[in-house]
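Close look at the chain arrangement
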Amino acid sequence: MVPLHILRDSSTPGFYRRKAFFYGLGVAFLFFIPFIIFDQGYFLFYGDFNVQQVPFYQMCHDSIRNGEWGWNWKTDLGANFIGSYTFYLLGSPFFWLTIPFPSWMVPHLMGPLLILKFGCATLTSYVYLERYAKHPDYAIIGAMLYAFSGFSVYNIFFNHFHEAIIFFPLMLWALDEYMYERRRCTFAITVFLCCTVNYYFFVGQVVFLLIYWTVRMLSGSWTITMKDFLLLFCESVIGVLCSCLLLIPTILAVLQNPRISDPPNGWGALLYDYNQRYLHILECFFFPPDIPARPNFTPNSEAKWASLGAWLPLFSMSGVIAFLQYKKKHWLKTMLLILFLMAGVPVLNAAFQLFNMAYYARWYYMLTLMMSLATIACLQYADVDWRRAIHWTLGITLGIALPIGLMPRSVSDTDTAEKKLSFGLEDYPTRFWAYVAVALLSLALLVMVFQYYQRNRRKFLSSCMLGIALVSVIYSAYFIALGKTQSDDTHHWIIPYSLNKGADIHLPDSDQFSRVDVYDGMDNQAMFWQKPTIQCFHSIVPGSVMEFYPTIGVQRDVASRPDTSVYGLRGLTSCRWLFCPSNSNQSFTDSTGKGVMPGWSYYDTQNGCTVYQNDYYIPMGFSYDYYITRSEYDSTNQAERHLLLLKAIVLEDSDIFRYGSTLKHLDLDTQSYTEEEYYKDCLARKATSCSSFEYDSSGFTAKFNSNTSRIVFFSVPYENGWSAEVNGKKVDIIKSNVGFMSVEVPAGTSVIHFTYQTPGLKLGAAVSAGGIALLLFYWYFTKPTGRRKGQIEQDPVRQTDEVQ
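Read on for an overview of the structure. (Residues numbered from 1 in each chain as written. Predicted model: local features only at pLDDT ≥ 70, side-chain atom pairs only at ≥ 80, totals over all residues. Heavy atoms only, no water.)

Quick look at the overall build of the chain
- When you go through the chain residue by residue, the secondary structure sums to 30 helices and 22 strands.
- A globule of 804 residues ought to have a C-alpha radius of gyration of about 28 Å, and the chain, at 30 Å, matches this closely.
- Overall, the chain is about 95 × 80 × 50 Å in size when its C-alpha atoms are taken along their principal axes.
- Residue burial in the chain is summarised as follows: out of 804 residues, 60% are buried.
- Long-range pairs, those at least 24 residues apart, make up 76% of the contacts in the chain between residues at least 6 apart in sequence.
- Only carbon and sulfur atoms are counted for the fraction: they give 59% of the accessible area of the chain, which is about 31700 Å².
- Side-chain charges of the chain comprise 61 positive and 63 negative groups, with the mean position of each set lying 12 Å from the other. (Helix = DSSP H or I, 4+ residues; strand = E, 2+ residues; numbered from the N terminus. Rg over C-alpha atoms; globule rule 2.2 N^0.38 Å. Buried < 20%, exposed > 50% of the residue type's maximum accessible area, 1.4 Å probe, protein only. Contact = heavy atoms within 4.5 Å. Areas by Shrake-Rupley, 256 points an atom, 1.4 Å probe, with all protein chains shown as cover. Lys, Arg positive; Asp, Glu negative; His and termini not counted. Charge placed at Lys NZ, Arg CZ, Asp CG, Glu CD.)

Okay, structure coming up:
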């Protein structure tokens with residue numbers, strides 16, 4: 001065997017970093033480009049990618065270019081632009097790369113940006129791993145394993161997850177640099193980057209770094225003085241402070257979301273409620289990932305969107321098993337065992353998301369980085385028993401595949417309703433055996449590659465890279481192809497009718513505010529057209545929206561999808577147009593032409609849709625003659641509330657004394673909720689609506705005329721960033737109809753002006769400015785010192801951090 005020190009290369013680090021980047025870029029190019037060509041220059045996938053990532057990118061791109069970063073009227077019933085989109089893309093440098101390009105190019109950039117992201121992930125993970133490699137090619141192998149792991153490929157579906165995959169290795173590298181070299185400021189900068197890129201993933205990264213630092217300190221891998229510890233702590237704080245421009249507004253927005261409150265509770269904190277989930281967790285390390293929403297190996301694990309993927313191409317778990325079986329101690333063994341334990345215990349798994357017990361495995365990219373490190377570590381030790389490790393990996397792979405694939409079970413015949421014998425517990429047999437075949441062929445290819453392990457180390461390294469590339473291209477292309485089979489509307493609908501931004505939609509009074517509805521259409525269809533809408537698939541919206549919808553019987557968790565049973569909502573929210581796509585499985589009208597909602601009539605056929613008009617449309621900003629209290633509202637029949645909201649305004653109990661005299665109290669016992677009453681109420685509200693309504697991202701202005709003082713209601717979500725003036729005089733905003741805003745106006749003609757300022761933005765900007773000043777001050781007075789005094793010139797990890 002060639003001694004490892006002979007493989008040391010004298011080339012500059014820049015050469016191998018470029019090599020890592022272009023290897024990652026090239027492999028990603030190979031499996032993305034056929035789909036980009038097939039999709040006519042776009043990259044479209046299915047599910048969340050199509051209906052969130054693509055329209056979010058284009059809508060936010062256009063908003064930024066137009067200076068509209070205050071209130072966004074095109075997200076649900078309206079939303080805080082910064083608070084709603086920081087999680088998805090506002091902190092991503094890849095999104096900002098789209099800003100110089102014209103709007104029409106943004107959907108075309110989705111594929112190239114993904115290719116770039118895979119190249120960057122290979123580069124940044126190489127930067128971390130090169131410290132632990134005796135030859136840079138080992139680090140490139142580890143970087144490719146990380147960049148093309150099952151987690152990375154799975155999360156093509158969640159395009160914005162890749163930013164965390166890219167930037168996390170840099171923060172880990174910066175921590176190493178501080179602990180080994182006492183390099184100043186670098187850690188603070190990477191903390192700032194990771195926190196800015198995605199606050200959700202940053203929480204998990206902080207947990208990981210605390211474990212990583214503690215394990216390495218206790219293992220004796222590192223030493224530190226109290227001064228250096230305090231300086232490291234200062235860098236952590238400074239990095240977070242620098243990110244507050246986006247962080248503070250985002251925290252204030254996210255705190256309104258009830259989904260963040262799901263603390264550990266009872267047995268659910270110790271054991272998963274679904275026994276199949278344990279097998280799903282184990283399986284994700286030995287097989288390529290299932291496509292999201294279609295779990296195959298374990299159909300009832302209830303982890304459809306959990307990002308359960310950690311398979312390493314070519315090597316699978318063989319390198320990790322070899323490392324754990326190695327006879328000597330190492331800090332990485334401890335680290336891996338802790339992480340595997342945390343994956344299996346619900347409350348520990350939840351630690352990576354502030355102990356929210358909604359099940360996600362979205363921290364596994366950090367685990368795959370450690371697995372990649374373990375794999376390349378074993379490749380560098382001459383006495384590792386790879387044969388045993390591969391046998392173990394093969395045995396576990398078959399031990400999972402064969403029982404699932406061959407287990408007999410009784411199923412009902414769809415034609416005769418009789419029971420018949422079937423084999424296999426998976427939902428999709430063809431896909432299942434394809435996964436098994438990829439996993440087994442990958443191991444077979446690994447055995448072939450290891451023929452060069454003892455004879456020709458250079459050829460072995462190049463064969464490893466080629467094998468990883470080959471397996472990555474095959475399984476990634478298969479994964480994307482499977483996803484695309486779940487969406488057959490790419491060429492029939494999305495490209496011709498969605499990505500045109502509604503250029504073929506021509507409606508009267510298009511300069512006036514109104515919302516649109518989409519019947520049995522694609523999620524976020526109106527956002528593609530950049531029109532205000534009542535249908536929205538978006539997780540982070542004002543808390544008032546989350547509060548309002550359940551009161552009328554509409555579930556509001558990750559999306560607003562009010563069905564036609566709550567037709568009164570359309571009048572309340574100034575919804576004027578309804579689009580029924582031509583590819584819809586349902587018709588909005590029956591054979592007689594009657595719509596499924598009363599009061600709508602056919603208008604035209606445009607942009608692949610049948611367009612209907614709300615004949616009882618109520619313009620934005622209207623008033624009432626009657627009121628009821630919130631307590632009374634809560635006691636009414638939920639099914640009738642959408643109609644009740646057109647009869648009387650709902651005032652909070654605490655506001656009745658102040659505003660109740662402006663209106664008459666509605667006698668709930670005498671009310672009727674027929675269609676005729678609905679028409680009557682809509683016309684009454686329309687008769688007392690604003691004569692004009694103009695809006696932009698900083699607020700809106702309306703004109704209202706009345707012979708008496710009135711309370712004017714706007715179906716705009718209530719949020720702390722709003723302030724209001726009537727005729728130039730500041731007035732209080734009334735929280736009304738559960739989650740919306742109203743103001744009291746005097747008799748006569750009134751000019752109502754609402755102004756929106758993103759809560760926390762000014763404070764965040766001030767804190768970030770202070771953080772940057774502290775960083776400059778810290779850099780100037782600590783001055784980088786290079787290596788520690790007395791440290792040996794050769795890389796300490798290569799000398800002392802091997803398995804001992």
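Here we look at the packing of helix H18 (residues 386–406) against helix H19 (residues 429–449)
- Direction vectors running N to C along H18 and H19 enclose 165°, while the axes themselves pass 11 Å from each other. Put simply, H18 runs roughly antiparallel to H19. With respect to the hand of their crossing, H18 and H19 are arranged in left-handed fashion. Contacts between H18 and H19 pair Ile390, Thr393, Leu394, Thr397, Leu398, Ala401, Ile404, Gly405 and Leu406 from the former with Phe432, Trp433, Val436, Ala439, Leu440, Leu443, Leu446 and Val447 from the latter.
- When its residues are assigned to classes, the contact of H18 with H19 shows 14 nonpolar, three polar and no charged. (Axes fitted to C-alpha atoms, helices over the stretch in contact; angles between N-to-C directions. Parallel < 35°, antiparallel > 145°, perpendicular 65-115°, else oblique. Left-handed = near helix turned anticlockwise from the far one by under 90°. Nonpolar A, V, L, I, M, F, W, Y, C, P; charged D, E, K, R; others polar.)

Remarks on the side chain of Ser623
- Along the chain, the position of Ser623 falls in strand S11 (residues 622–623).
- Those residues in contact with Ser623 that lie beyond four places of it in its chain are Arg685, Thr688, Phe704, Arg710, Ile711 and Val712.

Topic: the pattern of salt bridges
- Per the stated rule, a full pass over the model turns up 25 salt bridges.
- Measuring nitrogen to oxygen at the nearest pair gives 2.8 Å for the salt bridge that ties Asp62 to Lys501. With Asp62 in helix H2 (residues 48–65) and Lys501 in the loop between helix H21 (490–498) and strand S5 (515–518), this pair connects stretches of sequence that are 439 residues apart.
- Residues Arg570 and Asp517 are paired through a salt bridge, measuring 2.9 Å at the closest nitrogen-oxygen approach. Separated by 53 residues along the polypeptide, Arg570 in helix H24 (residues 568–572) and Asp517 in strand S5 bring together distant segments of the chain. (Salt bridge = Lys/Arg side-chain N within 4 Å of Asp/Glu carboxyl O.)

Some remarks on empty space enclosed by the protein
- Throughout the structure, instances matching the rule amount to eight cavities of 30 Å³ or more.
- In terms of lining residues, the second largest cavity is bounded by Tyr200, Phe201, Gly204, Gln205, Asn349, Phe352, Gln353, Tyr360, Arg362, Trp363, Tyr365 and Met366.
- If you list the elements that add at least two residues to the lining of the second largest cavity, you get helix H10 (199–218) and helix H17 (364–379).
- Taken together, the residues of the lining of the second largest cavity sort by class into seven nonpolar, four polar and one charged. (1 Å grid on protein atoms, 1.4 Å probe; cavity = no way out; pocket = protein on both sides within 12 Å on 5 of 7 lines; lining within 4 Å. Points joined across faces, edges and corners; volume = space filled by probe spheres on them.)

Focus on the layout of surface pockets
- The space that makes up the second largest pocket amounts to roughly 1000 Å³.
- As for the second largest pocket, its lining consists of 44 residues, of which Val51, Asp520, Gly521, Met522 and Asp523 are closest to the centre.
- Listing elements by their share of the lining of the second largest pocket, those giving two or more residues are H2, H21, S5, helix H22 (525–528), strand S6 (536–537) and strand S8 (575–581).

A few points about the nonpolar core
- With 204 residues, the main nonpolar core has Phe32, Tyr128, Phe208, Tyr212, Phe315, Tyr364 and Met370 as its most contacted residues.
- Once residues lying within four places of it in the same chain are set aside, the contact partners of Tyr212 are Tyr128, Tyr132, Leu172, Leu175, Asp176, Trp222, Trp331, Met335 and Met370.
- Core analysis: the next-biggest nonpolar cluster, separate from the first, contains 47 residues, Met597, Trp600, Leu643 and Ile734 among them. (Core = buried A, V, L, I, M, F, W, Y, C linked by side-chain atoms within 4.5 Å.)

Quick word on the sheet that holds strand S22 (residues 748–756)
- Strand order in the open sheet formed by five strands is S15-S16-S22-S18-S19, and the pairing between neighbours is antiparallel. Two strands lie at the open edges of the sheet, namely strand S15 (692–696) and strand S19 (729–731), each paired on one side alone. Here the strands of the sheet are splayed against their neighbours by 25° on average, with no regard to which way each runs.
- Both S15 and strand S16 (residues 699–706) contribute to a ladder of five bridges, which runs antiparallel. Note that in S16 the partner of Phe693 across the bridge is Ala702. (Pairing = 2+ DSSP bridges.)

A short note on the side chain of Gln525
- On the secondary structure map, Gln525 appears in helix H22.
- Aside from chain neighbours lying at most four places away, what touches Gln525 is Trp493, Tyr497, Ser498 and Val518.

Description of the pairing of strand S9 (residues 600–606)
- Sheet analysis places S9 next to strand S10 (residues 609–614), joined by six bridges and oriented antiparallel. In the strand pairing of S10, Trp600 is matched with Asn614.
- Counting the residues in the hairpin turn of S9 and S10 gives two residues, including Asn607, whose phi is positive at 50°.

Thoughts on the packing of helix H1 (residues 13–38) against helix H6 (residues 136–147)
- Where H1 contacts H6, the two axes come as close as 10 Å, and the packing angle between them is 30°. In this view, H1 runs roughly parallel relative to H6, as classed from their interaxial angle. Crossing hand, H1 versus H6: right-handed. Residues Tyr16, Lys19, Ala20, Tyr23 and Val27 of H1 lie in contact with H6, whose contacting residues are Pro136, Asp137, Ile140 and Met144.

Regarding the state of the cysteines
- Under the criterion given, the structure shown has zero disulfides.
- Cys60 takes part in no disulfide bond, and the closest cysteine sulfur, belonging to Cys536, lies 11 Å away.
- The structure places no disulfide on Cys242, whose sulfur is separated from the nearest cysteine sulfur, that of Cys244, by 8.5 Å. (Disulfide = S-S within 2.5 Å.)

What about the environment of Pro313?
- The residue Pro313 is located in the loop between helix H13 (276–283) and helix H14 (318–325) in this model.
- The spacing of Pro313 and Gly467 is 154 residues in sequence and 8.4 Å in space, taken between C-alpha atoms.
- Once residues lying within four places of it in the same chain are set aside, the contact partners of Pro313 are Leu145, Phe148, Ser149, Ser442, Ile468, Val471, Ser472 and Tyr475.

A short note on the environment of Val384
- Tracing the sequence through the fold places Val384 in the loop between H17 and H18.
- Note: C-alpha distance between Val384 and Ala322 (62 residues apart in sequence) is 6.8 Å.
- Contact partners of Val384, with chain neighbours within four places excluded, come to Ala322, Tyr326 and Cys378.

Some details on the pairing of strand S18 (residues 722–726)
- Side chains Trp722, Ala724 and Val726 project from S18 onto a buried face, and the interleaved Ser723 and Glu725 project onto a face without burial.
- In this sheet, S22 lies alongside S18 in antiparallel orientation, the contact comprising five bridges. Pairing of Ser723 across the sheet is with Thr755, part of S22.
- Of the pairings in the sheet, the one linking S18 to S19 comprises three bridges and is antiparallel in character. Bridge assignment links Glu725 to a residue of S19, and that residue is Lys730.
- Between S18 and S19, which pair antiparallel one after the other, the connecting turn spans two residues, and Asn727 there sits at a positive phi close to 55°.

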